[in-house]
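What follows is each chain in one-letter form.
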Amino acid sequence: NVIPHTSMEEVMASSSSSSSLLDILIVPGGMGTRTLRFDKPTLEFIRHQAPRVHILASVCTGSMLLAASGVLPSGTTITTHWKTVETLREWHPTLIVDKEHSVVKNENSTLYCSAGISAGIDMCFRLVTDLFGETVARETAKSMEYTYPEDYQRRIQF
């Protein structure tokens, strides 16, 4: 069971401290990211939390917020929804935007990115695999009646 040990109010109140109450920060995507990439409180929250969490992740266009916040070093490989791959490349040319894979995990890093909603589920199985082992991840997928991802190639071509 995943049981939160803190509330969102406590997380927001701790934003000025030197530690984080979060273990994992998953930045979601969606249409709202187009305006949130200019939202100072959102970007500052990501900037503050990113170096303090154990795992940083994004789903879909959440990678645009990670990029806009400045927490991704030059040369970092990320991915995003297929409709925004080229936009993300244009806006952040120092980042490597992978269009071949639906889930990206940087080697020797705790950064995970997924391409879209279903890829976000696949990314979570990758997280479970990395944290608890493949057996637990496969059993979780089976319990959900979800096919465990054998690879992270994109399901669509564009």
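That block above? That's the structure.
Here we summarise the structure given alongside this text. Sequence order sets the numbering: in each chain, residues are counted from 1 along the sequence as written. Local features are withheld for residues below a pLDDT of 70 in this predicted model, meaning they are given only at 70 or higher, and side-chain atom pairs are given and counted only at 80 or more; totals for whole chains, interfaces and linings count all residues. Working from all heavy atoms in the structure, the side-chain values ignore hydrogens and water.

Bringing the nonpolar core into the picture now. Core analysis: the largest hydrophobic core is formed by 20 residues, its most contacted members being L25, L56, L66, L72, I78 and L111. By definition, any uninterrupted DSSP run of H or I lasting at least four residues is a helix, any uninterrupted run of E lasting at least two residues is a strand, and each is numbered from the N terminus. Ranked by residue count, the leading element in this core is helix α4 (residues 62-69), at four residues. Side-chain atoms within 4.5 Å are what join buried Ala, Val, Leu, Ile, Met, Phe, Trp, Tyr and Cys residues into a set we call a nonpolar core. Working definition: with a 1.4 Å probe on protein chains only, accessible area under 20% of the residue-type maximum means buried, over 50% means exposed, and in between means partly exposed. By size, the runner-up hydrophobic cluster in this structure holds nine residues, among which are V103, Y112, M123 and L127.

At least two bridges found by DSSP between two strands are what make those strands a pair. With mixed pairing, four strands are arranged side by side in an open sheet as β1-β2-β6-β5. Each having just a single partner strand, β1 (24-27) and β5 (103-105) make up the two edges of the open sheet. Neighbouring strand axes in the sheet, compared pairwise and without regard to direction, differ in orientation by 15° on average. Taken together, the four bridges between strand β2 (residues 55-59) and strand β6 (residues 111-114) define a ladder with parallel strand orientation. Considered in β6, the bridge of L56 is made with L111. For helices, the fitted line uses only the C-alpha atoms of the stretch in contact; every axis is such a line through C-alpha atoms, and the angle between N-to-C directions lies from 0 to 180 degrees.

What follows is about the environment of R126. Tracing the chain through its elements places R126 in helix α6 (residues 117-132). Given a relative accessible area of 21%, R126 falls into the partly exposed group. In the structure, R126 is positioned 23 residues away from P149 in sequence and 8.5 Å away in space, judged by C-alpha atoms. Throughout, a contact is declared for two residues whenever any of their heavy atoms are within 4.5 Å. If sequence neighbours within four positions are ignored, R126 has contacts with K105, Y112 and Y152.

Checked against the element boundaries, T129 lands in helix α6. Assessed through its relative accessible area of 18%, T129 is described here as buried. When neighbours within four sequence positions are excluded, T129 is seen to be in contact with E134, A137 and Y148.

Further remarks concern the packing of aromatic side chains. Geometry of aromatic contacts follows a simple scheme: Phe, Tyr and Trp rings, the Trp one being its six-membered ring, pair when their centres are within 6.5 Å, and the pair is stacked under 30 degrees between planes, edge-to-face over 60, tilted otherwise. Going through the model one piece at a time under the given rule, you end up with three aromatic pairs. Relative to F158, the ring of W82 has its centre 5.8 Å away and its plane inclined at 40°; by these criteria the two rings are tilted. Pair noted here: W82 is in the loop between β3 (77-78) and α5 (85-91) and F158 is in the segment after α7 (134-144), with a separation of 76 residues, a long-range link. A residue is classified by how much of its surface remains accessible, and W82, at 35% relative accessible area, is partly exposed. A connected cluster of aromatic rings, assembled from ring pairs, spans F125, Y146 and Y148. In this scheme, the term charge over a ring applies when either NZ of a lysine or CZ of an arginine sits within 6 Å of the ring centre and within 35 degrees of the ring normal. Positioned over the ring face of W91 is R37, at 3.4 Å from the centre of the ring. For the cation-ring pair, K99 lies above F158, with the distance from its terminal atom to the ring centre recorded as 5.3 Å.

Turning next to the environment of E10. Structurally, E10 can be placed in helix α1 (residues 8-13). Note on E10: relative accessible area 42%, which makes it partly exposed. C-alpha of E10 to C-alpha of M123: the two residues are 113 residues apart in sequence and 27 Å apart in space.

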